[in-house]
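What the coordinates show
Listed below are the residues making up each chain.
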Amino acid sequence: MAGATTLNWAGAMQADAAVRFESREATREAPWVKWTILGISLTFFAVFLLLPLVAVFIEALRKGWGTYGSALVHEDALWAIKLTLTAAVIAVPLNLVFGVCAAWAIAKFEFRGKHFLITLIDLPFSVSPVIAGLIYVLIFGAQGWLGPWLADHDIRIIFAVPGIVLATVFVTFPFVARELIPLMQAQGREEEEAAIVLGANGWQTFWYVTLPNIKWGLLYGVILCNARAMGEFGAVSVVSGHIRGQTNTLPLHVEILYNEYQFAAAFAVASLLALLALVTLAIKTWVEHRAGGGNRSREAHQDAAS
Amino acid sequence: MHWERQDMSASRTFRVLPGFRLTLGYTLAYLSLIVLLPLAAVFLKTASLSIAEFWNVISAPRVVASYKLSFGMSLAAAAINAMFGLLLAWSLVRYSFPGKRVIDALVDLPFALPTAVAGIALTALYAKNGRIGQYLDPLGIQVAFKPLGVLVALVFIGLPFVVRTVQPILEDLDTELEEAAASLGARRWQIFRHVILPVLLPALLTGFALAFARAVGEYGSVIFIAGNIPMVSEITPLMIITKLEQYDYAGATAIAVVMLVVSFALLLLINGLQAWTASRTGRER
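Our subject in this report is the structure included herewith. (Residues numbered from 1 in each chain as written. Chains lettered and ligands numbered in written order. Predicted model: local features only at pLDDT ≥ 70, side-chain atom pairs only at ≥ 80, totals over all residues. Heavy atoms only, no water.)

When you go through chain A residue by residue, the secondary structure sums to 15 helices and zero strands. Across its three principal axes, chain A shows a C-alpha extent of roughly 60 × 55 × 30 Å. Here chain A holds 306 residues, and the buried ones make up 58% of them. When contacts within chain A are restricted to residue pairs at least 6 apart in sequence, long-range pairs at least 24 apart make up 75% of them. Of the roughly 12,600 Å² that chain A leaves accessible, carbon and sulfur atoms contribute 65%. Separation between the mean location of the 20 positive side-chain charges and that of the 22 negative ones in chain A comes to 4 Å. (Helix = DSSP H or I, 4+ residues; strand = E, 2+ residues; numbered from the N terminus. Buried < 20%, exposed > 50% of the residue type's maximum accessible area, 1.4 Å probe, protein only. Contact = heavy atoms within 4.5 Å. Areas by Shrake-Rupley, 256 points an atom, 1.4 Å probe, with all protein chains shown as cover. Lys, Arg positive; Asp, Glu negative; His and termini not counted. Charge placed at Lys NZ, Arg CZ, Asp CG, Glu CD.)

This is the structure:
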């Protein structure tokens, strides 16, 4: 599922790769064809991607900066920011540790069922977010298997913060692993084996040999993981119970304001999330730029495949 | 692959690197706890229904209407994305134009923008008095709170899947093939049709399938713009929510099982398509 989200190490950074095609008679189109294709694709881009983004900020500021500011410093909004950060601060490190462990086991060792394991790790991406919420309601909800026991011990998971964290962990589960597995498979294990032979212990090998090699892939996965963790709506909506000032994350707060026809306030809060998306894309592009040692990494990929 | 297999037997007898049991054990435990056991709960829960009850839930007219809408609109959105996504990927790889790098980065916006934000933004744009809706309304086209709104939201969500699967394959294309075809007298369109498209096809289908799979399960961006009218503009994930709100856990789970089975089938299909892409282009997934 994440196929399209994984880092294309050699891709975007070749700024003027187009010259390769445009400079030759055989690989370029007649000017009218070129301008038609460019016109159609850029119009499509503008209407379907750019306009919605711009609309968020226009709508947010429609009633002026005063309304905008007061929507953001409202008690419920501040609580939602805090809860969103809490969920991300727990979910991202958990999935980071998992991603590194899974990638180490899968990339550095051979065992049966490896491909099946990779498919299983990808599962959360192909499950509807609504189902991601539902599964935890079935287990921890009042009618769920553990529901009566939890009620006896006065532990709340569904309609409370733990449920939100669990749902967030589920939907962001594969991000880091998905990024690291192909990267570490491509790098092989010679460098680590050399370090061990030279007397380094496992932890030193990971810290001084593996980590520097995977840092950009790791950062890339963490950024995408974080964006999804802070922006998740469907799964969190199912488990949250929408209790104001208690179980509302930022996206849920946007929904509540919107359903109460407080459009300017809803878009003001939404603009925070849109800014987060833009920052995410900026860092992502920067990481691609830093990591893209041009064709070097692509050759490594092909070596591993052959 | 050959040396890997030989290597496998060697490493089974003697592993230089430490941490295999620890990391694999942790991976399996965490995967089971967070993903596998909770997902198994869905299938166990449906076992509490008899087959007749199960069938009644998943074949109720309102639910069937939601399948038609969800799958129909997801197919349409994926088709639109395949077409325009290919054009956009082509533009980004083959042409230089100002602002290209920013546009390239922004293609991933639907991955990064929370779905609820996309949902309310699209609704504002396509409502009768919205920036786009005001031009469509006189033409008799209503998007927001109609099935067409679902399509718009799903097109937004799925676009990067097609662009990002097709783009790397386009970048890897050798110019020699096209030059050879041109020197043999092929026209540009013939070259595209007979030289470029066969190489792109598996990636294009993969992108189509990824966009479709994402669209079927999508919730956040759709519910704001769909209007959620029973039998008309309710998507299948919303039916699960509706059942849950009525405390009909078994009913919600039955619909979830249908969706999960479809998702797993799509996952297998996508894995197959990616393997096909790899064999067609000699490129690792």
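Residues and elements named next belong to chain A. Inspection of the secondary structure puts Thr247 in the loop between α12 (234-240) and α13 (250-259). On the accessibility criterion, Thr247 (2% relative accessible area) is buried. Not counting chain neighbours up to four residues away, the residues in contact with Thr247 comprise Trp79, Leu83, Phe159, Ala160, Ile164, Ser240, Gly241, His242 and Leu252.

A few words now on the nonpolar core. The nonpolar side chains of soluble globular proteins are, as a tendency, buried together. Counting residues in hydrophobic clusters, the biggest one holds 201 residues, and the most contacted among them are Ile121, Tyr136, Phe170 and Leu180 of chain A together with Ile34, Tyr126 and Ile240 of chain B. Counting residues per element, this core draws most heavily on helix α9 (residues 147-172) of chain B, which supplies 15 residues. Beyond its immediate stretch of four places on either side in the chain, Tyr136 of chain A contacts Gly141, Ile158, Leu166, Ala167, Phe170 and Val239 of chain A together with Ile34 and Pro38 of chain B. (Core = buried A, V, L, I, M, F, W, Y, C linked by side-chain atoms within 4.5 Å.)

Here the focus is the interface of chain A and chain B. Taken together, the contact between chain A and chain B spans 109 residues of the former and 112 residues of the latter. At the boundary of chain A with chain B, total buried surface from both sides reaches about 10,100 Å², with 72% on carbon and sulfur atoms. Joining chain A to chain B, the criterion identifies two salt bridges. Residues Asp108 of chain B and Lys284 of chain A are paired through a salt bridge, measuring 2.4 Å at the closest nitrogen-oxygen approach. Class assignment for the residues of the side of chain A that touches chain B results in 71 nonpolar, 20 polar and 18 charged. (Buried area = accessible area lost by both parts, 1.4 Å probe. Salt bridge = Lys/Arg side-chain N within 4 Å of Asp/Glu carboxyl O. Nonpolar A, V, L, I, M, F, W, Y, C, P; charged D, E, K, R; others polar.)

A separate point is the pattern of salt bridges. The final tally for this structure, using the stated rule, is 16 salt bridges over all chains. Residue Asp122 of chain A pairs with Arg178 of chain A through a salt bridge whose shortest N-O separation is 3.1 Å. Linking Asp122 of chain A in helix α5 (residues 114-126) with Arg178 of chain A in helix α9 (residues 175-187), this pair joins segments that are 56 residues apart in sequence. A residue is classified by how much of its surface remains accessible, and Asp122 of chain A, at 6% relative accessible area, is buried. Here Glu193 of chain A makes a salt bridge to Arg189 of chain A, at a shortest N to O gap of 3.6 Å. Judged by relative accessible area, which is 25%, Glu193 of chain A ranks as partly exposed. For Arg189 of chain A, a relative accessible area of 11% corresponds to the buried category. Here the residues in one salt-bridge network are Lys284 and Glu288 of chain A together with Asp104, Asp108 and Arg164 of chain B, joined through shared partners.

Within helix α8 (residues 161-171) of chain A, nine of the 11 residues are buried, leaving the element largely enclosed by the surrounding structure. Here α8 of chain A has its buried residues at Gly163, Ile164, Val165, Leu166, Ala167, Thr168, Val169, Phe170 and Val171 of chain A.

Another aspect to go through is the side chain of Thr23 of chain B. Inspection of the secondary structure puts Thr23 of chain B in helix α2 (residues 20-46). Overall, the relative accessible area of 9% leaves Thr23 of chain B in the buried class. Within the structure, Thr23 of chain B has its side chain in polar contact with the backbone oxygen of Phe20 of chain B (distance 3.3 Å). Look past the residues within four positions of Thr23 of chain B in its chain and what remains in contact with it is Cys101, Trp104 and Ala105 of chain A. (Polar contact = N/O pair within 3.5 Å; in protein donor to acceptor, adjacent residues only side chain to side chain.)

Another aspect to go through is the packing of aromatic side chains. For the structure shown, the criterion picks out 26 aromatic pairs over all chains. Within the aromatic cluster, the residues linked to one another by ring pairs are Phe233, Tyr258, Tyr261 and Phe263 of chain A together with Tyr219 and Phe224 of chain B. Over the aromatic face of Trp35 of chain A sits the side chain of Lys34 of chain A, whose NZ or CZ is 5.1 Å from the ring centroid. Over the aromatic face of Phe111 of chain A sits the side chain of Lys114 of chain A, whose NZ or CZ is 5.8 Å from the ring centroid. (Phe/Tyr/Trp six-rings, centres within 6.5 Å; stacked < 30°, edge-to-face > 60°. Lys NZ or Arg CZ within 6 Å of the ring centre and 35° of its normal.)

Here we come to the packing of helix α6 (residues 129-140) of chain A against helix α14 (residues 249-281) of chain B. Closest axis-to-axis distance for the α6 of chain A/α14 of chain B pair is 11 Å, and the angle between their directions is 135°. In terms of axis orientation, α6 of chain A runs oblique to α14 of chain B. Our pair here, α6 of chain A against α14 of chain B, has a crossing hand that is left-handed. In this structure, α6 of chain A contributes Ile131, Leu134, Val137 and Leu138 of chain A to the contact, and α14 of chain B contributes Tyr249, Ala252, Thr253, Ala256, Met259 and Leu260 of chain B. (Axes fitted to C-alpha atoms, helices over the stretch in contact; angles between N-to-C directions. Parallel < 35°, antiparallel > 145°, perpendicular 65-115°, else oblique. Left-handed = near helix turned anticlockwise from the far one by under 90°.)

Residue and element names in this part refer to chain A. The final tally for this structure, using the stated rule, is zero disulfides over all chains. Counting only cysteine sulfurs, Cys225 is the nearest neighbor of Cys101, a cysteine outside any disulfide, at a range of 15 Å. Exposure remark for Cys225: the relative accessible area of 0% places this residue in the buried category. (Disulfide = S-S within 2.5 Å.)

Taken together, the side chains of Val89, Ile90, Leu94 and Val97 of chain A together with Tyr26 of chain B define a hydrophobic patch exposed on the protein surface, amounting to about 390 Å² of accessible area. The dominant element in the nonpolar patch, judged by the number of residues it contributes, is helix α4 (residues 75-108) of chain A, at four residues. Its location among the elements puts Val89 of chain A in helix α4. Judged by relative accessible area, Val89 of chain A falls into the exposed class, the value being 59%. (Patch = residues over 30% accessible without salt bridge, like charges linked within 9 Å, V, L, I, M, F, W, Y side chains within 5 Å.)

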